[in-house]
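Analysis of the macromolecular model
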Amino acid sequence: MEILNEISEKLQAGSAPKVRQLVSYALNQGIDVKEVLNALIDGMGVVGVKFKNNEIYVPEVLIAARAMNAGLEILKPILTETGVKPIGKVIIGTVAGDLHDIGKNLVKMMMIGAGLEVIDLGVDVTPQKFVSAVKEFNPDIVAMSALLTTTMSSMRKTIESLEKEGLRSKLIVMIGGAPVTENYAKEISADIYTPDAASAAEKAKEAILKRVA
Ligand code: B1M
């Protein structure tokens, strides 16, 4: 669809006002929110490939990320729409050393939309910060996002810290992010790995409902 291609292209070009305008227009035209979201993700994917190939650099990626966030802000009210009382509580954060937050924010929005209360610890969240937040908020789920191969190990460290504090057994630990795999989840004894935000929200809800059943 022409408009979806245009959204992807304007995101790649880093035009936040244009992305905002096109996303609103697409929704007004009755295009499904998932298709609009996929156009944004697709655009960011192209940016990622160009970045990897040294065709563009960090400043351009930052500008594209800003355009992505502008589009996501328009989708947020729809993705987080829920008329029900929260069925459970999630603490989410991007792990220590890692500043990527677009995927984490998307997971958060989808989880809220699935009827969960989400406490967002932001980016660069150390194991100690996760531990303190678990003590303070008593969540059902701890959800960690990592986008760098070098920061994945912080997921393991966080799980070890939760174990040391005697908190691990009462929690469901979920992990995800581009370099994370099902095998890695097994290796570090995380409970759930999901490859995308929609399945993260689905699995979180499933796991909580199973717990209370
Ligand atoms: Co960065 N970066 N970056 N970057 N960046 C990547 C991740 C990279 C793959 C680019 C590349 O080389 N192709 C590469 C990592 C290589 C690696 O380790 N394997 C990389 C690098 C190297 C770096 C720097 C080191 C660059 C530098 O400074 N030289 C630096 C590190 C900074 C740091 O974190 N300490 C850096 C910086 C940045 C920016 C700040 C410029 C910017 C981030 C802005 C922001 O997030 N606010 C940025 C961006 C935008 C990217 C790419 C281009 C796009 C990431 C993104 O937002 N994608 C990325 C390339 C790529 O991924 N193709 C790249 C869209 C988003 C919707 O997808 O986050 O994957 P994603 O989330 C997905 C799934 O992964 C999943 O759901 C989402 C989809 O539904 N998911 C979960 C995510 N979290 C989940 C949690 C779950 C479940 C699913 O459960 C809890």
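Residues numbered from 1 in each chain as written. Predicted model: local features only at pLDDT ≥ 70, side-chain atom pairs only at ≥ 80, totals over all residues. Heavy atoms only, no water.

1. With respect to the coordination of the cobalt atom of the ligand
Of all protein atoms, just one serves as a donor to the cobalt atom of the ligand, and that atom is H100 (NE2), at 2.2 Å. Mapped onto the secondary structure, H100 falls in the loop between strand 1 (89-94) and helix 5 (102-113). (Donors = N, O, S within 2.8 Å, 3.2 Å for Na, K, Ca; no water. Helix = DSSP H or I, 4+ residues; strand = E, 2+ residues; numbered from the N terminus.)

2. Quick word on the site of the ligand
Taken together, 33 residues sit near the ligand, with L99, H100, D101, S145 and A197 positioned nearest. Between the ligand and the protein, one listed contact pairs a nitrogen atom with a backbone N or O atom of G48 at 3.3 Å. At 2.8 Å from a nitrogen atom of the ligand is found a side-chain nitrogen or oxygen belonging to H100. Put simply, the ligand lies in the largest pocket. Elements with a contribution of two residues or more to the shell around the ligand: helix 3 (33-52), helix 4 (58-79), helix 5, strand 3 (141-145), strand 4 (172-176) and helix 9 (197-212). Grouping the constituent residues of the shell around the ligand by class yields 20 nonpolar, nine polar and four charged. (Near = heavy atom within 4 Å. Polar contact = N/O pair within 3.5 Å; in protein donor to acceptor, adjacent residues only side chain to side chain. 1 Å grid on protein atoms, 1.4 Å probe; cavity = no way out; pocket = protein on both sides within 12 Å on 5 of 7 lines; lining within 4 Å. Sits in = over half its atoms within 2 Å of the grid points. Nonpolar A, V, L, I, M, F, W, Y, C, P; charged D, E, K, R; others polar.)

3. Quick notes on the layout of surface pockets
Its boundaries defined by the atoms lining it, the largest pocket holds a volume of some 1400 Å³. In terms of lining, the largest pocket is formed by 47 residues, of which the most central are H100, I102, G103, L147 and A178. Among the elements of the structure, helix 3, helix 4, helix 5, strand 3, strand 4 and helix 9 are those that each provide at least two residues to the lining of the largest pocket. Per-element accounting of the lining of the largest pocket gives the leading share, 11 residues, to helix 3. Residue classes in the lining of the largest pocket are distributed as 31 nonpolar, 10 polar and six charged. In this structure, the second largest pocket spans a volume of roughly 150 Å³. If you list the elements that add at least two residues to the lining of the second largest pocket, you get helix 3, helix 5 and helix 9. A class-by-class count of the residues in the lining of the second largest pocket yields six nonpolar, one polar and one charged. (Points joined across faces, edges and corners; volume = space filled by probe spheres on them.)

4. Some details on helix 6 (residues 127-137)
Because each turn of an α-helix spans 3.6 residues, side chains separated by three or four positions end up pointing in the same direction. Turning to helix 6, its buried residues are P127, F130, V131, A133 and V134. The buried residues of helix 6 occupy an angular sector of 165° when projected down its axis, which confines them to one face. Exposed and oriented more than 90 degrees from the buried face of helix 6 are K135 and E136. The secondary structure elements touched by the buried residues of helix 6 are strand 1, strand 3 and helix 7 (153-164). (Buried < 20%, exposed > 50% of the residue type's maximum accessible area, 1.4 Å probe, protein only. Arc of directions from axis to C-beta. Contact = heavy atoms within 4.5 Å.)

5. Side note on the pattern of salt bridges
Scanning the entire structure with this criterion turns up six salt bridges. In this structure, the salt-bridge partner of D120 is K108, at a minimum N-O distance of 3.3 Å. In this pair, D120 is assigned in strand 2 (residues 117-120) and K108 in helix 5, connecting sequence segments 12 residues apart. Note on D120: relative accessible area 27%, which makes it partly exposed. Here K108 falls in the partly exposed class, since its relative accessible area comes to 23%. Salt bridges linked by common partners bring K104, K108 and D120 together as one network. (Salt bridge = Lys/Arg side-chain N within 4 Å of Asp/Glu carboxyl O.)

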